[in-house]
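Coordinate analysis (summary)
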Amino acid sequence: MSSVVTGEAVVLELRPASFGARSISLLIDIIAQALLALAIILGVSGTLGGSLDPALSQALVLVLVIFVVLVVPVTIETLTRGKSLGRLVMGLRIVRDDGGAIRFRHAFIRGMLAVLEIYLLVGSLAFLVAVFNERSKRLGDLLAGTYSMHERVVEKPRTRAVTPPHLAGWLATADLLQLPDPLARRVAAFIGQAPRLTLMARQTLATELATEVSVYVAPLPPAGTHPEDFLNAVLAERRERDLGRLMRQRARTAKAAERLHRLPFSQ
C-alpha cells in the first residue's frame, strides 16, 4: 500500500498492482491485439484477394503492426483514463504518480516504450525493471510518471461501537464531554481491531483503555460493568451526541440565514 497526499492535504491509500496481476492483464491485452490483427488480415484478404504485390503487402503489414500495438492501445488508454481490456478484467488502472488520471502524453510514452520493452524484447526489459521497484513499474511507467494500481479492493467491514442495552439508563445521565479526541480515536481503533486480537491482549487493552476513559466520565458505570461494554457505550453515545449537536447547529444556521433573507435590506 502506498500513500498519496493531495493538494488539499488529504492522504489517499492506493494499492499498487503486483507484477503477477500486471502480467496477466498484459497477456489478455496481447491476445486481444492478436485477435484484432487476425480479424483485420482476414478482412483485408477477403476484400482485396491475393493480388497484392510484395512491396504493398509489406507496407500494409507495417501499418497493421503500428495500428495494433501502438495506436489502438494508446487510444483506448487515453479515452478510458488508464484502462484496457486486460486491466478491466483484473480490476487495474494506470494512474499518475500523484494518483490522478493519465492523459494522452502518459499513454503515448507508455505505448512507445512498450514496443521496445514488451514486443521487441519479449518483455525481458519490463521484467527486469519491474523487479527492482516497489510499484512494479516498467520502463514506460518510469518515464511517464505512472504506475498500475488495484481499482477493486475489497474493504473489510469496520466494527462500530454499539451501546449495550443494559447501560442505556446510565448513559442518559453520564457526562462525556471532556473525553479527549485522541483517546476517543484510540478507543475506536481498539473496538475495530478487538475481534482480531487474542483473548489476553483484548482483555488487557480493554482494561487499560477503560481506566483512562473513566477519568473523563461521570458518574461511572454500574459496578461490574465489563470494560469493553463500557468503552462501546461511551464511544457510541459520544458519536450520537456529536451528531445531535451538529444537526442542531445546522438547524440554527439555516434559521439564521432565513431570518437574514427576510430583512428589508436583503431584498
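Now for a description of the structure that goes with this document. The structure displayed is predicted, hence computed values, not measured ones.

1. Things to note about the pattern of salt bridges
Considering all chains together, one arrives at 15 salt bridges under this definition. Between Asp-98 and Arg-96 there is a salt bridge, with its nearest N and O atoms 3.1 Å apart. When the shortest N-O distance is used, the salt bridge between Arg-110 and Asp-141 registers 2.7 Å. Residue Arg-110 is located in helix H4 (residues 104-120), and its partner Asp-141 is located in helix H6 (residues 139-144); the two are separated by 31 residues in the primary sequence. No difference in accessibility class separates Arg-110 from Asp-141, as the two residues are buried. One connected set of salt bridges, linked through shared partners, spans Arg-22, Glu-77, Arg-87, Arg-110 and Asp-141.

2. Some words on the packing of helix H8 (residues 181-193) against helix H10 (residues 227-262)
Put simply, H8 and H10 touch, their axes get as near as 10 Å, and they point 120 degrees apart. One element, H8, and the other, H10, form an angle in the oblique class. Judged by the twist between their axes, the crossing of H8 over H10 is left-handed. Seen from H8, the contacting residues are Asp-181, Ala-184, Val-187, Ala-188, Phe-190 and Ile-191; seen from H10, they are Glu-228, Leu-231, Asn-232, Leu-235 and Arg-238. Residues belonging to the contact of H8 with H10 are distributed by class as follows: seven nonpolar, one polar and three charged.

Thresholds applied
- Residues numbered from 1 in each chain as written.
- Predicted model: local features only at pLDDT ≥ 70, side-chain atom pairs only at ≥ 80, totals over all residues.
- Heavy atoms only, no water.
- Salt bridge = Lys/Arg side-chain N within 4 Å of Asp/Glu carboxyl O.
- Helix = DSSP H or I, 4+ residues; strand = E, 2+ residues; numbered from the N terminus.
- Buried < 20%, exposed > 50% of the residue type's maximum accessible area, 1.4 Å probe, protein only.
- Axes fitted to C-alpha atoms, helices over the stretch in contact; angles between N-to-C directions.
- Parallel < 35°, antiparallel > 145°, perpendicular 65-115°, else oblique.
- Left-handed = near helix turned anticlockwise from the far one by under 90°.
- Contact = heavy atoms within 4.5 Å.
- Nonpolar A, V, L, I, M, F, W, Y, C, P; charged D, E, K, R; others polar.

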